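Spelled out from the first residue to the last, the chains are:
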Amino acid sequence: MGAYCNYRGEYQKAERLIKQALTLFSSGKETKQTAVRLQKIVTCLRFLGLISLSRYKYNPALHYLGRAVDSVGKQRKSFDPSEMARLYGAVGQVHLATGRFKEAKKWLERSLNEYRKKFKEESFDAAAVYNNLGVAYYEMGDLAKAKLTWEKALLYMPKDKTTRQNLTDFIY
């Protein structure tokens, strides 16, 4: 429900619902299975980070996402690569939004590596990460890599308006 509220732009309601879920999962009352509980906690923290990002609250976003990354810790093998890719991609988005382009690049590349583990090759899911990585390259002055990366994004999402606009702005 919290994710749905976030999607609708009801950020305060989404944040409240996800914090309630986080409290429930953290207490251990919902499930005794440690791996399942940890995955739910990490998902809640990722959503709280994304809500903060949507509200341009970058420090709380990094706080929640950092807690999620730290929570994974030694339990990394129990997490699906696509979940890790989404988490790393979210961290990259925050760094991109705050102008820390080298840090964004690092996290976005980690995200792509996780997608490759899951799908063995690039996928539709990786297209948004490629677009963000293109922006990071562009902002760091590596124009050739930016162009190549946006072109890769369009291979997987040919109708994506944001990526098309980035590439068009770059060319013209």
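The paragraphs below set out a description of the structure included in this document.

About the thresholds
- Residues numbered from 1 in each chain as written.
- Predicted model: local features only at pLDDT ≥ 70, side-chain atom pairs only at ≥ 80, totals over all residues.
- Heavy atoms only, no water.
- Core = buried A, V, L, I, M, F, W, Y, C linked by side-chain atoms within 4.5 Å.
- Buried < 20%, exposed > 50% of the residue type's maximum accessible area, 1.4 Å probe, protein only.
- Helix = DSSP H or I, 4+ residues; strand = E, 2+ residues; numbered from the N terminus.
- Contact = heavy atoms within 4.5 Å.
- Phe/Tyr/Trp six-rings, centres within 6.5 Å; stacked < 30°, edge-to-face > 60°.
- Axes fitted to C-alpha atoms, helices over the stretch in contact; angles between N-to-C directions.
- Parallel < 35°, antiparallel > 145°, perpendicular 65-115°, else oblique.
- Left-handed = near helix turned anticlockwise from the far one by under 90°.
- Nonpolar A, V, L, I, M, F, W, Y, C, P; charged D, E, K, R; others polar.
- Polar contact = N/O pair within 3.5 Å; in protein donor to acceptor, adjacent residues only side chain to side chain.

### Details of the nonpolar core
At step 1: Membership of the largest hydrophobic core comes to 27 residues, with the highest contact counts inside it found for Val42 and Leu87.
At step 2: At the level of elements, helix 2 (11-27), helix 3 (34-54), helix 4 (58-72) and helix 5 (81-97) are the ones that each hand at least two residues to this core.
At step 3: At 9 residues, the largest contribution of residues to this core is made by helix 3.
At step 4: The residues contacting Leu87, other than those within four sequence positions of it, are Val42, Arg46, Leu65, Ala68, Val69 and Val72.

### Quick look at the packing of aromatic side chains
At step 1: Scanning the entire structure with this criterion turns up 6 aromatic pairs.
At step 2: Here Tyr88 and Trp107 contribute two aromatic rings whose centre-to-centre distance is 5.5 Å and whose plane-to-plane angle is 55°, an arrangement assigned as tilted. Placement of Tyr88 in helix 5 and of Trp107 in helix 6 (residues 101-119) is noted, with a sequence separation of 19 residues between them. Side by side, Tyr88 and Trp107 carry an identical accessibility label, which is buried.

### A look at unusual backbone geometry
At step 1: One non-glycine residue, Tyr56, adopts positive backbone phi at about 60°.
At step 2: Along the chain, Tyr56 turns up in the loop between helix 3 and helix 4.

### Quick word on the packing of helix 7 (residues 127-139) against helix 9 (residues 161-171)
At step 1: Close contact between helix 7 and helix 9 brings their axes to 10 Å; oriented N to C, the two are set at 25°. In terms of their interaxial angle, helix 7 and helix 9 are classed as roughly parallel. Seen along the crossing, helix 7 lies across helix 9 with a hand that is left-handed. Taking contact as the criterion, the partners of Asn131, Val135 and Tyr138 in helix 7 are, on helix 9, Thr162, Thr163, Asn166 and Phe170.
At step 2: A breakdown of the residues in the contact of helix 7 with helix 9 according to their chemical character gives 3 nonpolar, 4 polar and no charged.

### Quick word on the side chain of Thr149
At step 1: Tracing the backbone through its elements, the reader meets Thr149 in helix 8 (residues 143-156).
At step 2: A polar contact of 2.6 Å, which involves the side chain of Thr149, links it to the backbone oxygen of Lys145.
At step 3: With near-sequence residues (within four places) excluded, Thr149 lies in contact with Tyr130, Leu133, Gly134 and Tyr137.

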